[in-house]
Amino acid sequence: QVQLVESGGGLVQFGGSLRLSCTVSVNIFTFYVMGWYRQPPGKQRELVAIIRESGSIKYGDSVKGRFTISRDNAKNTLYLQMDNLKPEDTAVYYCNANDVALGISWGQGIQVTVSS
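Here's what I pulled together on the structure shown here.

Rules and cut-offs
- Residues numbered from 1 in each chain as written.
- Predicted model: local features only at pLDDT ≥ 70, side-chain atom pairs only at ≥ 80, totals over all residues.
- Heavy atoms only, no water.
- Helix = DSSP H or I, 4+ residues; strand = E, 2+ residues; numbered from the N terminus.
- Buried < 20%, exposed > 50% of the residue type's maximum accessible area, 1.4 Å probe, protein only.
- Polar contact = N/O pair within 3.5 Å; in protein donor to acceptor, adjacent residues only side chain to side chain.
- Contact = heavy atoms within 4.5 Å.
- Pairing = 2+ DSSP bridges.

What follows covers the side chain of Thr90. Within the secondary structure, Thr90 is located in the loop between β8 (77–82) and β9 (91–99). You can call Thr90 buried: its relative accessible area is 16%. Of note is the side chain of Thr90, whose polar atom sits 2.9 Å from the backbone oxygen of Pro87. Polar contacts involving the side chain of Thr90 include one to the main-chain amide nitrogen of Val114, which spans 2.9 Å. With residues up to four places along the chain from it excluded, the contact list for Thr90 reads Pro40, Pro41, Gln111, Val112, Thr113 and Val114.

Take a look at the structure:
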């Protein structure tokens, strides 16, 4: 069983920054894609960013140029640096990891609230 634990969320003012971390219970070098998703209040879960084993990255349109995803295989950790935060970034953020053998795994989610 793979466990993903998010940290680093909280309350921040408009224009501020936060860095989310997702610590994984197994070696992450086997995960062919990892990512961050979010679910705003009353809305469906949406893509924030994904990073593939090759290093290629995809961002959701609303966060391009403001968020940066990265992974540290040595620390078994996925990161999301969020800059220039806006109230519409308020959501529960989820870490996701995909492995051929282990399947799809999700973290429990962490709240990010941006005040105007």
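All right, on to the pairing of strand β5 (residues 46–52) then. Looking at chain direction, strand β4 (residues 33–39) and β5 are connected through six bridges and run antiparallel. When the sheet's bridge partners are listed, Val33 is paired in β5 with Arg52. Taking the residues between adjacent antiparallel strands as the criterion, β4 and β5 are bridged by six residues, where Gly42 takes a positive phi near 75°. Hairpin connection of β5 to strand β6 (residues 57–59): four residues between the antiparallel strands, including Gly55 at a positive phi of 100°.

Another point: the pairing of β4. Remember that side chains alternate between the two faces of the sheet whenever the strand is regular. Extensive coverage of β4 is indicated by the burial of five of its seven residues. The sheet contact formed by β4 and β9 spans seven bridges and is antiparallel. Looking at the pairing, Val33 lines up with Asn98 of β9.

Notably, Asn76 is not glycine yet its phi reads approximately 55°, a positive angle. Mapped onto the secondary structure, Asn76 falls in the loop between β7 (67–72) and β8. Asn76 gets classed as buried once you look at its relative accessible area, which sits at 16%. A positive phi angle, near 50°, is found at Asn84, a position not held by glycine. Mapping Asn84 onto the fold places it in the loop between β8 and β9. Look at Asn84 and you get partly exposed, because its relative accessible area is 40%.

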